[in-house]
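Here is what each chain is made of, one letter per residue.
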Amino acid sequence: MTLKQTPLNAAHRAMGAKMVDFGGWDMPVNYGSQIDEHHQVRNDCGMFDVSHMRVVDMRGNDVRAFLQGLLANNVSKLHLTGKALYSAMLRPDGGVIDDLIVYFMREDWFRIVVNAGTADKDIAWMRAQAAVHAPHLDITDHPELAMIAVQGPNARAKVWEALPGSQALTESLIPFSAVEMGEMFIARTGYTGEDGFEIMLPAKAAPFFWGILAEKGVKPIGLGARDTLRLEAGMNLYGQDMDETVNPLEAGLAWTIDLISPRDFVGKAALLANPPTHKLIGLILQDRGVLRGHQIVHTAHGTGEITSGSFSPTLNQSIALARVPKEVAIGDSVQVAIRDKMLTAKVAKYPFARNGKAVVQA
Amino acid sequence: MSIPTELKYTPSHEWIRVEADGSITIGITQHAQELLGDMVYVEAPAVGRSLNAGEECAVVESVKAAADVYAPVSGTVTANNSELDSSPEAINSAPYDAWIFKMQPADASAVASLLDAAAYQAVVDSEAH
């Protein structure tokens with residue numbers, strides 16, 4: 001199978017990226033040391049090619065009502081132009097189809113950004129739901145848009161340097177909101193636990209903008225560091241921390257699911273009928289080694305499983321997200337089976353690190 | 001990337017240095033460390049452990065993945081490199097200096113049949129395709 005390429009493929013290769021098959025996309029995993037790239041983002045800033053993610057625009061008079069039924073979080077919270085909301089999109093049985101960000105642009109236009117690996121199935125599901133509930137809705141995806149994330153404490157300043165006119169437009173942009181600038185869409189969002197922007201722009205303009213950012217000293221960051229940054233920030237990764245077989249209330253997503261308002265949404269009845277028995281927690285390894293996905297966690301209340309694990313460059317020890325029986329408490333000591341050994345880990349509240357610093361006691 | 005000609009190799013990317021006393025020193029190659037990326041943990045076999053050729057006996061873990069290291073020949077572990085406990089990244093910066101463990105081979109002739117640099121180069125080249 002031929003791997004799909006983003007508009008920045010040649011730029012990555014020119015910058016010495018090590019390319020890997022990432023869900024069918026030919027993507028940079030690093031440009032040298034993944035750990036250096038991680039620190040670069042926590043301490044200064046870096047840029048990521050996330051053009052494999054998909055933008056989906058929904059337009060129509062009934063778009064808000066449609067999204068209130070489609071998404072587990074409640075878009076009735078969105079009133080300011082450009083404001084974003086993180087939400088899961090559930091199956092009728094409560095399993096997670098995808099997690100996404102929805103932006104309110106106008107009463108007849110909401111913009112959604114979905115994961116790369118799930119984009120086609122997401123759009124098929126959205127269209128099938130719209131056929132029933134909002135037949136006049138226009139659902140158009142934009143594979144022709146590239147997306148560049150610039151993240152880190154100095155990210156916004158670097159974007160302002162690289163993009164004349166952007167400062168006036170985005171300096172007062174509150175976190176988790178976006179604004180249009182010509183053909184660009186600039187969102188103060190990210191997947192690292194740092195400040196910064198995610199910028200959508202036409203594919204043909206992406207290599208030029210990437211080059212300007214590089215000229216301003218912004219270092220390219222691969223998907224390897226993206227994963228350790230999001231893990232430290234306690235952000236779920238679809239396909240690892242949750243998927244179609246997982247109850248979102250057992251995946252740390254309760255804060256995004258509105259079960260209080262009287263509105264109905266796909267999956268609500270199933271969630272109400274199946275109270276969670278497990279929960280997602282953080283783990284910090286106390287022994288030497290590295291926590292990894294699918295390792296079994298032994299607790300005083302039964303077993304659980306690591307959903308994402310790696311080495312935390314900020315804490316300089318291994319951390320993980322794990323799904324364990326809900327009786328497990330912060331501070332508990334648990335055992336993790338790694339090969340032929342049982343290693344001790346401490347249950348911690350996540351995020352582990354944000355805004356350049358560790359936020360848990362290792 | 002040059003492959004040192006004075007060392008022996010395995011298809012599973014270990015390098016082997018034959019010492020004057022007949023013992024061997026084992027590490028992982030430049031190619032292996034490049035594939036794995038930033039190293040964060042090394043688990044070496046205990047001294048005195050008896051190993052069969054091809055046996056999993058050490059683990060190197062990068063941020064990205066864990067990889068097994070195999071005994072290149074049968075024999076007994078005589079030393080392991082505790083410096084890697086605190087600086088596993090030495091495998092990235094100097095893979096042919098950052099040895100993982102040493103063995104006394106059960107049969108010296110087994111060492112002679114390991115890959116030479118040219119044969120190992122062919123292994124690396126074949127993986128690139």
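In this report, the structure presented in the accompanying data block is examined. (Residues numbered from 1 in each chain as written. Chains lettered and ligands numbered in written order. Predicted model: local features only at pLDDT ≥ 70, side-chain atom pairs only at ≥ 80, totals over all residues.)

### Description of the overall build of chain B
1) Next: Scanning chain B from N- to C-terminus turns up 5 helices and 9 strands.
2) Next: Listed N to C, the secondary structure of chain B is β-β-β-α-β-β-β-β-β-α-α-β-α-α in terms of helices and strands.
3) Next: With the C-alpha coordinates of chain B rotated into their principal frame, the extents come out at 35 × 35 × 25 Å.
4) Next: The buried share of chain B, reckoned over its 129 residues, is 43%. (Helix = DSSP H or I, 4+ residues; strand = E, 2+ residues; numbered from the N terminus. Buried ≥ 20, exposed ≤ 12 C-beta atoms within 10 Å, placed from the backbone.)

### Comments concerning the sheet that holds strand β16 (residues 302–312) of chain A
All names here are of chain A.
1) Next: An order of β14-β17-β16-β15-β18-β19 is seen for the 6 strands of this closed barrel, with the pairing classed as antiparallel. Across the sheet, the axes of successive neighbouring strands diverge by a mean angle of 40°, strand direction being ignored.
2) Next: As paired strands, strand β14 (residues 278–285) and strand β19 (residues 341–348) are joined by 4 bridges and run antiparallel to one another. Its bridge partner being in β19, Gly282 is matched across the sheet by Ala348. (Pairing = 2+ DSSP bridges. Axes fitted to C-alpha atoms, helices over the stretch in contact; angles between N-to-C directions.)

### Re unusual backbone geometry
Residue and element names in this part refer to chain A.
1) Next: Put simply, Tyr350 and Pro351 share a cis peptide bond, and its omega is 10°.
2) Next: One non-glycine residue, Phe176, adopts positive backbone phi at about 65°.
3) Next: On the basis of neighbour counts, which here come to 16 C-beta atoms within 10 Å, the residue Phe176 falls in the partly exposed class.
4) Next: Within the chain, Asn355 stands out as a residue other than glycine whose phi angle is a positive 50°.
5) Next: Within the secondary structure, Asn355 is located in the loop between β20 (353–354) and β21 (357–358).

### Focus on the interface of chain A and chain B
1) Next: Every contact between the two is made by 12 residues of chain A and, on the other side, 8 residues of chain B.
2) Next: Listing elements by their share of the side of chain A that touches chain B, those giving two or more residues are α2 (34–43), α8 (223–232) and β16 of chain A.
3) Next: Class assignment of the residues belonging to the side of chain A that touches chain B gives a composition of 3 nonpolar, 7 polar and 2 charged. (Contact = placed C-beta atoms within 7 Å. Nonpolar A, V, L, I, M, F, W, Y, C, P; charged D, E, K, R; others polar.)

### Some words on the packing of α2 of chain A against α8 of chain A
All names here are of chain A.
1) Next: Direction vectors running N to C along α2 and α8 enclose 55°, while the axes themselves pass 8 Å from each other. It follows from the interaxial angle that α2 and α8 lie oblique. Viewed along their axes, α2 and α8 form a crossing whose handedness is right-handed. Judged by residue contacts, Gln34, Glu37, His38 and Val41 of α2 engage Gly224, Ala225, Thr228 and Leu229 from α8. (Parallel < 35°, antiparallel > 145°, perpendicular 65-115°, else oblique. Left-handed = near helix turned anticlockwise from the far one by under 90°.)

### Considering the sheet that holds strand β5 (residues 50–51) of chain B
Residues and elements named next belong to chain B.
1) Next: Pairing is antiparallel across the open sheet formed by 6 strands, whose spatial order is β1-β2-β3-β9-β8-β5. Because the sheet does not close on itself, it has two edges, and the strands there are β1 (8–9) and β5.
2) Next: In this structure, β5 lies alongside strand β8 (residues 75–80), joined through 2 bridges in antiparallel fashion. Paired with Leu51 across the bridge in β8 is Gly75.

### Considering the nonpolar core
1) Next: Residues Val102, Ile148, Val150 and Leu283 of chain A are the most contacted members of the largest nonpolar core, which totals 137 residues.
2) Next: At 7 residues, the largest contribution of residues to this core is made by strand β6 (residues 96–106) of chain A. (Core = buried A, V, L, I, M, F, W, Y, C linked by C-beta atoms within 7 Å.)

### Let's talk about the environment of Gln240 of chain A
Residue and element names in this part refer to chain A.
1) Next: With respect to the helices, strands and loops of the structure, Gln240 is situated in the loop between α8 and α9 (268–273).
2) Next: Assessed through the 16 C-beta atoms surrounding it within 10 Å, Gln240 is described here as partly exposed.
3) Next: Sequence-wise, Gln240 and Asn9 are 231 residues apart; in three dimensions their C-alpha atoms are separated by 26 Å.
4) Next: Those residues within four positions of Gln240 in sequence are excluded, and the remaining contacts are Gly293, Thr307 and Ser308.

### A word on helix α4 (residues 119–133) of chain A
All names here are of chain A.
1) Next: For α4, with 15 residues, the first-to-last C-alpha span of 21 Å sits near the 21 Å given by 1.5 Å per residue.
2) Next: Where α4 is concerned, the buried positions are Ala119, Asp122, Met126 and Ala130. Angularly, the buried residues of α4 cover 65° about the axis, an arc narrow enough to put them on a single face. With respect to the buried face of α4, the exposed residues turned more than 90 degrees away are Asp120, Ala124, Ala128, Ala131 and Val132.
3) Next: Those residues of α4 that are buried lie in contact with β4 (54–59), α3 (63–70), β5 (84–90), β6, β7 (109–114) and β8 (138–141). (Expected span 1.5 Å × (residues − 1). Arc of directions from axis to C-beta.)

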